[in-house]
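Architecture and fold: a report
Below are the chains, spelled out letter by letter.
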Amino acid sequence: MAAVSCLLSEDQFLCSICLDVFTDPVSTPCGHNFCKKCIDVHWNTNEQYRCPMCQEVFIRRPDLHINTLFSEMVAQFRQSAQQKATRRRSEQQVAKPGEVPCDFCTGTKLKALKSCLVCLASYCDTHLEPHLTMSGLKAHQLIDPVENLEDRMCTKHDKPLVLFCKTDLACVCMLCNVEDHKMHDVVPLKDEYEGKKAELGKTEAEIQQMIHNRRLKIQEIKHSVDLSKEYADRDIADGVQVFTALMESVDRGLANLIDTIKMKQKITEKQAEDFIKELEQEISELSKRWADVEQLSRSEDQLHLLQSVQSLKAAPPTKDWTEVSIHPSYEETVVKAVAQLEETLSKEMKKLVQAELKRVQQYAVDVTLDPDTAHPHLILSDDGKQVNDSDVRKDLPDNPERFSNCVSVLGKQSFSSGRFYFEVQVKGKTKWSLGVARESINRKGDLTLSPEDGNWTICLRNGNEYGALAEFDVSLSLKSRPQKLGVFVDYEEGLVSFYDVDAAILIYSFTGCCFTEKLLPYFSPGLNDGGKNSAPLIISPVIVYL
């Protein structure tokens, strides 16, 4: 019997009238089964005795008897279904905080698997069964379990919100569409859902890309921090080395100074001792002579006095001591020691600048001159690396980028972040201006070279007058004439530094600058001056000497 019941589907154990498992099943003459109570009620409320399944009409009301065999099969099915339900119930999870519970579980609430928008209820696996098997419930709309199902009903018409009004951007029911949103752009909720889901997918991808970019930025920042630490450690090591050398030099200089002074003091003392010894010897001789003179002067023997006076005529000590003196002076010794210390400091400073120059040269960029910005007097080489003044104005288009008054030209490359460095040969020139300028620099009127006007430059005038063009021009005292200049910019740090490349000397730095727009390399070769300043400015390749 159990094997037979297993061959039947679950639908065959459901009464087509009550849609539930048969209770006291009976069979009509046409062979269909119903609950005895269901078919009795059905025929009691209808004028004809018609089969609810096949609609066959019986002339007289059939006598119905419980189908014993089928009843046993139904009982076995019911028992099996209960066992399965019990087993499923034991396998199901109890609803946890934040999860939607089944509305029909008594006692322990199980986790809901689906929510019905028609019944406005949530069901666990067991209580969801009718919605999956009964034809009348299969048409209901099931969704993933949600709370507050009443929020999915129209508050005005108590109907499910199944439409979306694009005009009012609101979810509406079928009656809302007929009444309040009749002339609006209304689409099925599903269509809008799919459209919005696609938009969300695109937004999700964009957000993921943004997250990815920010993670890359974090890695970049962390890498910068690592580099900063590496640079800091290196600078500390260089500083310790330099200051250690300086302190050792100071210690050596001080020790040498003390030894020198002590040695000079000993020499002075020896000289003084010799002088004193010589003076004491002369005093002794003079004292003896004085005693002889005094004794003779007291003699009343005329002959003896006259005879003795002749012996006193021997020359006494005649050395003139008025010019003899001891002058203990150590100022020259101290000055010399300080000069040596200054020389050592200068050497160590040069080492530091050389190391710094090598570091900034790592940020070298390839700069070429932009002919569209060049003043009509200027001549640019074909490779865009050289510029000089011709004293002859060429007929060129007066485009907005071109300098019209100031004999200047800009580089093609612009920079709005980070660090960059380039070198320019100035050999043989008597005047020039070099540096960087902001993109919006005045190119048509008179140009004032100063940070206030967007220009950070140094210059040469009259062959040997160097200066930094700031709010108040700064005169630069250089020991030698630079042949090649290095220009370094740290955009975020607000720093513009100029180096004498060959001498490895820092010439000048603009610090605390506030850059807010693109920066471009700036070049002014100066007027030709009748050929005295005909040598070109040459953008040179950067060579790092290790």
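Description of the structure in this document. (Residues numbered from 1 in each chain as written. Predicted model: local features only at pLDDT ≥ 70, side-chain atom pairs only at ≥ 80, totals over all residues. Heavy atoms only, no water.)

A separate point is the overall build of the chain. Scanning the chain for helices and strands turns up 9 helices and 23 strands. Compactness check: the chain gives a C-alpha radius of gyration of 56 Å against a globular reference of 24 Å for 546 residues, more than 25% above the reference. The proportion of buried residues among the 546 residues of the chain is 32%. Sequence separation of at least 24 residues holds for 57% of the intrachain contacts in the chain that already meet a minimum separation of 6. Per element, the accessible surface of the chain, about 34500 Å² overall, is 54% carbon and sulfur. Positive and negative side-chain charges of the chain, numbering 65 and 82 respectively, have mean locations separated by a distance of 5 Å. (Helix = DSSP H or I, 4+ residues; strand = E, 2+ residues; numbered from the N terminus. Rg over C-alpha atoms; globule rule 2.2 N^0.38 Å. Buried < 20%, exposed > 50% of the residue type's maximum accessible area, 1.4 Å probe, protein only. Contact = heavy atoms within 4.5 Å. Areas by Shrake-Rupley, 256 points an atom, 1.4 Å probe, with all protein chains shown as cover. Lys, Arg positive; Asp, Glu negative; His and termini not counted. Charge placed at Lys NZ, Arg CZ, Asp CG, Glu CD.)

As a further point, take the sheet that holds strand β19 (residues 484-490). Each strand in a sheet pairs with another by means of backbone hydrogen bonds, the pair being arranged parallel or else antiparallel. Pairing is antiparallel across the open sheet formed by 7 strands, whose spatial order is β11-β12-β23-β14-β19-β20-β21. Of all strands in the sheet, those bounded by a partner on one side alone are β11 (378-380) and β21 (505-510). Taken over all neighbouring pairs, the strand axes of this sheet differ in orientation by 20° on average, direction set aside. Of the strand pairs in this sheet, β19 and strand β20 (residues 495-500) are connected by 6 bridges, and their pairing is antiparallel. What sits directly across from V487, in β20, is F498. (Pairing = 2+ DSSP bridges. Axes fitted to C-alpha atoms, helices over the stretch in contact; angles between N-to-C directions.)

A few words on the packing of aromatic side chains. A complete count under the given rule lists 16 aromatic pairs for this structure. Centroid distance F422 to F523: 5.9 Å. Interplanar angle 50°. Geometry classified as tilted. Of this pair, F422 sits in strand β14 (residues 419-425) while F523 sits in strand β22 (residues 519-524); the two residues are 101 residues apart in sequence, bridging distant segments of the chain. Judged by relative accessible area, which is 1%, F422 ranks as buried. (Phe/Tyr/Trp six-rings, centres within 6.5 Å; stacked < 30°, edge-to-face > 60°.)

To continue, consider the side chain of H375. Along the chain, H375 turns up in the loop between α9 (331-361) and β11. Overall, the relative accessible area of 3% leaves H375 in the buried class. In terms of polar contacts, H375 uses its side chain to reach the backbone carbonyl oxygen of S404, at 3.2 Å. When neighbours within four sequence positions are excluded, H375 is seen to be in contact with R393, R402, F403, S404, N405, C406, V407 and S408. (Polar contact = N/O pair within 3.5 Å; in protein donor to acceptor, adjacent residues only side chain to side chain.)

A separate point is the pairing of strand β23 (residues 537-540). Regular strands place their side chains on alternate faces of the sheet. On β23, burial covers both faces: L537 and I539 on one face and I538 and S540 on the other are all buried. Alignment of strand β12 (residues 386-389) against β23, held across 2 bridges, turns out to be antiparallel. Opposite Q386, over in β23, you have I538 as the bridge partner. Pairing between β14 and β23: 3 bridges, direction antiparallel. Across the sheet, the residue bridging to Q425 is I538, located in β23.

What follows concerns the pattern of salt bridges. All told, the structure shown has 17 salt bridges when counted by the stated rule. The partner of D144 in a salt bridge is K114, and the shortest N-O contact between them spans 3.2 Å. Here D144 is found in the loop between β7 (142-143) and β8 (163-165), whereas its partner K114 is found in strand β5 (residues 114-116), with 30 residues between them in sequence. By relative accessible area, K114 is classed as partly exposed at 28%. The salt bridge partner of K156 is E179, with a shortest N-O separation of 3.9 Å. Of this pair, K156 sits in the loop between β7 and β8 while E179 is found in the loop between α6 (174-178) and β10 (186-188), placing the two residues 23 residues apart along the sequence. A relative accessible area of 44% places E179 in the partly exposed class. Three or more residues joined by partner-sharing salt bridges are found here, namely K166, E192, K196 and E199. (Salt bridge = Lys/Arg side-chain N within 4 Å of Asp/Glu carboxyl O.)

Along the chain, L286 falls in helix α7 (residues 189-297). Residue classification places L286 among the partly exposed residues on the basis of a relative accessible area of 38%. Distance in space between the C-alpha atoms of L286 and K222 is 93 Å, their sequence separation being 64 residues.

Most of strand β15 (residues 432-438) is tucked away, with 6 of its 7 residues classed as buried. Pairing analysis gives 6 bridges linking β15 to strand β16 (residues 455-461), with the strands arranged antiparallel. Considered in β16, the bridge of A437 is made with N455. Pairing analysis gives 6 bridges linking β15 to β22, with the strands arranged antiparallel. Bridged to A437 within β22 is L520.

Okay, a nonpolar patch on the surface next. Where nonpolar side chains cluster on the molecular surface, the patch consists of I207, M210 and I211 and spans about 250 Å² of accessible area. On the secondary structure map, I207 appears in helix α7. Look at I207 and you get partly exposed, because its relative accessible area is 42%. (Patch = residues over 30% accessible without salt bridge, like charges linked within 9 Å, V, L, I, M, F, W, Y side chains within 5 Å.)

On to the nonpolar core, then. W432 and F523 are the most contacted members of the largest nonpolar core, which has 36 residues in total. When residues no more than four places from it in sequence are discounted, the contact partners of W432 are V426, I458, C459, L460, R461, Y466, L485, S524, P525 and L537. With 11 residues, the next largest nonpolar core counts F13, F22, C38 and F77 among its residues. (Core = buried A, V, L, I, M, F, W, Y, C linked by side-chain atoms within 4.5 Å.)

For α7, built from 109 residues, the straight-helix expectation of 162 Å at 1.5 Å per residue is met to within 8% by its first-to-last C-alpha distance of 152 Å. Residues E192, G239, V242, L246, S249, L257, T268, E282 and L296 constitute the buried set of α7. (Expected span 1.5 Å × (residues − 1).)

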